[in-house]
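Each chain is listed here by its residues.
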Amino acid sequence: QVQLVESGGGLVRPGGSLRLSCAASGGTFSSKAMGWFRQAPGKEREFVAAINWRGDNTAYEDSVKGRFTISRDNAKNTVYLQMNSLKPEDTAVYYCAARAGYGLGFRNDEYHYWGQGTQVTVSS
């Protein structure tokens, strides 16, 4: 069974940066497209960013475009989310997820494996 473990969340002031990591075990990480989602209290889980299996194709939700960067290191079975210029509205639990496929996915039901989440809080 594929397992995903997120890390790197925490408390940061507006305008600050965080780098989230997601370590994968089991399955074949290098052949899977990956994504990041987030969920704030009282809100639905929403798409944040995605990256294809090779790491040369990415997609972002409009509100994070230009501020967040998704990347992957297949040799380390790890996907990253670099978050810059953080805003209070970025506060949420962030989840990484893996598809059983090579291409990008944008919906929750396109992803088969999920991590436990890591809390990101942006506050002054």
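Right, let's walk through the structure included here.

Conventions adopted
- Residues numbered from 1 in each chain as written.
- Predicted model: local features only at pLDDT ≥ 70, side-chain atom pairs only at ≥ 80, totals over all residues.
- Heavy atoms only, no water.
- Helix = DSSP H or I, 4+ residues; strand = E, 2+ residues; numbered from the N terminus.
- Rg over C-alpha atoms; globule rule 2.2 N^0.38 Å.
- Buried < 20%, exposed > 50% of the residue type's maximum accessible area, 1.4 Å probe, protein only.
- Contact = heavy atoms within 4.5 Å.
- Areas by Shrake-Rupley, 256 points an atom, 1.4 Å probe, with all protein chains shown as cover.
- Lys, Arg positive; Asp, Glu negative; His and termini not counted.
- Charge placed at Lys NZ, Arg CZ, Asp CG, Glu CD.
- Phe/Tyr/Trp six-rings, centres within 6.5 Å; stacked < 30°, edge-to-face > 60°.
- Disulfide = S-S within 2.5 Å.
- Salt bridge = Lys/Arg side-chain N within 4 Å of Asp/Glu carboxyl O.

Our next topic: the overall build of the protein chain. Each helix and strand in the protein chain was counted, giving zero helices and 11 strands. Secondary structure elements of the protein chain occur, N-terminal to C-terminal, as β-β-β-β-β-β-β-β-β-β-β. Computed over C-alpha atoms, the radius of gyration of the protein chain comes to 13 Å, within 12% of the 14 Å expected from 2.2 N^0.38 for 124 residues, which places it in the range of a compact globule. Dimensions of the protein chain along its principal axes, counting C-alpha atoms only, are 40 × 25 × 25 Å. In the protein chain, which comprises 124 residues, the share counted as buried stands at 44%. Pairs at least 24 residues apart make up 59% of the contacts formed inside the protein chain by residues separated by at least 6 positions. Put simply, the protein chain shows about 6,300 Å² of open surface, and 44% of that area lies on carbon and sulfur atoms. Placing the 14 positive and 11 negative side-chain charges of the protein chain at their respective mean positions leaves the two points 5 Å apart.

Before going further, it helps to spend a moment on the packing of aromatic side chains. Taken as a whole and assessed by the stated rule, the structure comprises six aromatic pairs. Seen in terms of ring centroids, Phe37 and Phe47 are 5.8 Å apart; in terms of plane orientation they differ by 75°. Their pairing is edge-to-face. Of the two residues, Phe37 sits in strand 4 (residues 34–39) while Phe47 sits in strand 5 (residues 46–51), which places them 10 residues apart along the sequence. Ring geometry for Trp53 versus Tyr102: centroids 5.6 Å apart, planes at 75°, classification edge-to-face. Taken as a pair, Trp53 in the loop between strand 5 and strand 6 (58–60) and Tyr102 in the loop between strand 9 (92–98) and strand 10 (113–114) lie far apart in primary sequence, 49 residues in all. Site record: aromatic cluster; members linked through ring pairs are Phe37, Phe47, Phe106, Tyr111 and Trp114.

This part takes up unusual backbone geometry. For Asn77, which is not a glycine, the phi torsion comes out positive at approximately 55°. Its location among the elements puts Asn77 in the loop between strand 7 (68–73) and strand 8 (78–83). Since its relative accessible area comes to 30%, Asn77 is described here as partly exposed. Not every positive phi belongs to a glycine, and Ser85 is a case in point at roughly 50°. Tracing the chain through its elements places Ser85 in the loop between strand 8 and strand 9.

This brings us to the state of the cysteines. Throughout the structure, instances matching the rule amount to one disulfide. Paired through a disulfide, Cys22 and Cys96 show a sulfur-sulfur distance of 1.8 Å. Taking the sign of the S-S torsion, 40° for the link of Cys22 and Cys96, the bridge is right-handed. With Cys22 in strand 3 (residues 18–25) and Cys96 in strand 9, the pair connects residues that are 74 residues apart, well separated along the chain. Relative accessible area serves as the criterion here: at 0%, Cys96 is assigned to the buried category.

Attention now moves to the pattern of salt bridges. Pairs may arise between side chains of opposite charge once their charged atoms sit close together. Evaluated as defined, the whole model comprises six salt bridges. The shortest N-O distance in the salt bridge between Arg38 and Asp90 comes to 2.9 Å. Residue Arg38 is found in strand 4, and its partner Asp90 is found in the loop between strand 8 and strand 9; the two are separated by 52 residues along the sequence. Like Arg38, the residue Asp90 is buried in the burial classification.

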